[in-house]
Amino acid sequence: MYVCLCRGLTESDIQQVGQAGIFEAERLVEVLGLNDDECCGRCARDIQELVDLATCKLALQCPNPAHCRY
Amino acid sequence: MKAKEGVIDLLNKILTADLTSINQYFVHAKMCENWGYERLHHKVRERSFDEMKDAEELIDHILYLEGVPNMQRLGTVRVGETVPEQLKSDMKSEQEMVKLLTEATSHCAKVGDYTTRHMLEDMVKDSDKHIDWIETQLETIKQVGLENYLSHQIKKDDS
Ligand code: FES
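Every value quoted in this text rests on a predicted model; they were computed, and no experiment measured them.

Q: It is not clear to me how the packing of aromatic side chains should be interpreted in this structure. Could you clarify?
A: Two aromatic rings, taken as a pair, are described by how far apart their centres are and by the angle between their planes. Residues and elements named next belong to chain B. Scanning the model with the defined rule gives 2 aromatic pairs over all chains in all. Their ring planes at 20 degrees and their centres at 6.2 Å tell us that Phe26 and Phe49 sit as a pair that is stacked. Of the two residues, Phe26 is situated in helix H1 (residues 7-35) and Phe49 in helix H2 (residues 38-64); the sequence distance between them amounts to 23 residues.

Written as structure tokens, this is what we have:
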């Protein structure tokens, strides 16, 4: 799935960013430029979802296997 | 004609969902075209146009009820990267639409707005049909495999 249309980012893009060490909400918004003028900011409203995506591949074990989408 | 209590708000909510679906289905259709899946492209594009017709009906009706159609608001457009993702995402949108329409239908019944209710009931039928079509596609994929399914989407329906 695409998670950010303004930047054309997919779920796996966010996971890669997470693996590169960027997974905190503020850092994600900053690095991905989700607050820029040409971005609608919609995906940043559900920033927790992006944080979950960015962190889920970092954990040794999925913290929430029952509800894991990835 | 003056609208009954809460009807304009509900119609605008449905309009928002509708405008969102128009965009979502349209981009899915265009991605299918780009991948060469002519048959799917046509089918999904048609659904986008159906939503457009619904939007027209909603806008006309809101104006008739002396309200202002909210063309500004848009929900989240959920774009799938693959055909199955697109189908599931569209299914979710239609399910949300049915929920919204059902709530609005019962509200209209409660306040005695039978014209609006009738219009919304017709829209539920279309959404149900679309859900049914998507379910069939997902089931076919399960049975024949994604590759087989997709290879049958390359041709147009009437060619
Ligand atoms: S969808 Fe991510 S900023 Fe618009």
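Q: I'm lost on empty space enclosed by the protein in this one. Help?
A: Picture a little ball the size of a water molecule; that probe, rolled over the atoms, points out where space is still empty. All names here are of chain B. Taken as a whole and judged by the stated rule, the model has 2 cavities of 30 Å³ or more. Ile14, Asp18, Arg47, Glu51, Asp54, Met97, Leu101, Met123 and Ser127 are the residues that line the largest cavity. Secondary-structure elements contributing two or more residues to the lining of the largest cavity are H1, H2, helix H3 (83-111) and helix H4 (114-144). With 3 residues, H2 is the single largest residue contributor to the lining of the largest cavity. Lining the second largest cavity we find His28, Cys32, Leu40, Val44, Val83, Gln86, Leu87 and Asp90. Contributions of two or more residues to the lining of the second largest cavity are made by H1, H2 and H3.

So, how was this worked out
- Residues numbered from 1 in each chain as written.
- Chains lettered and ligands numbered in written order.
- Predicted model: local features only at pLDDT ≥ 70, side-chain atom pairs only at ≥ 80, totals over all residues.
- Heavy atoms only, no water.
- Phe/Tyr/Trp six-rings, centres within 6.5 Å; stacked < 30°, edge-to-face > 60°.
- Helix = DSSP H or I, 4+ residues; strand = E, 2+ residues; numbered from the N terminus.
- 1 Å grid on protein atoms, 1.4 Å probe; cavity = no way out; pocket = protein on both sides within 12 Å on 5 of 7 lines; lining within 4 Å.
- Points joined across faces, edges and corners; volume = space filled by probe spheres on them.

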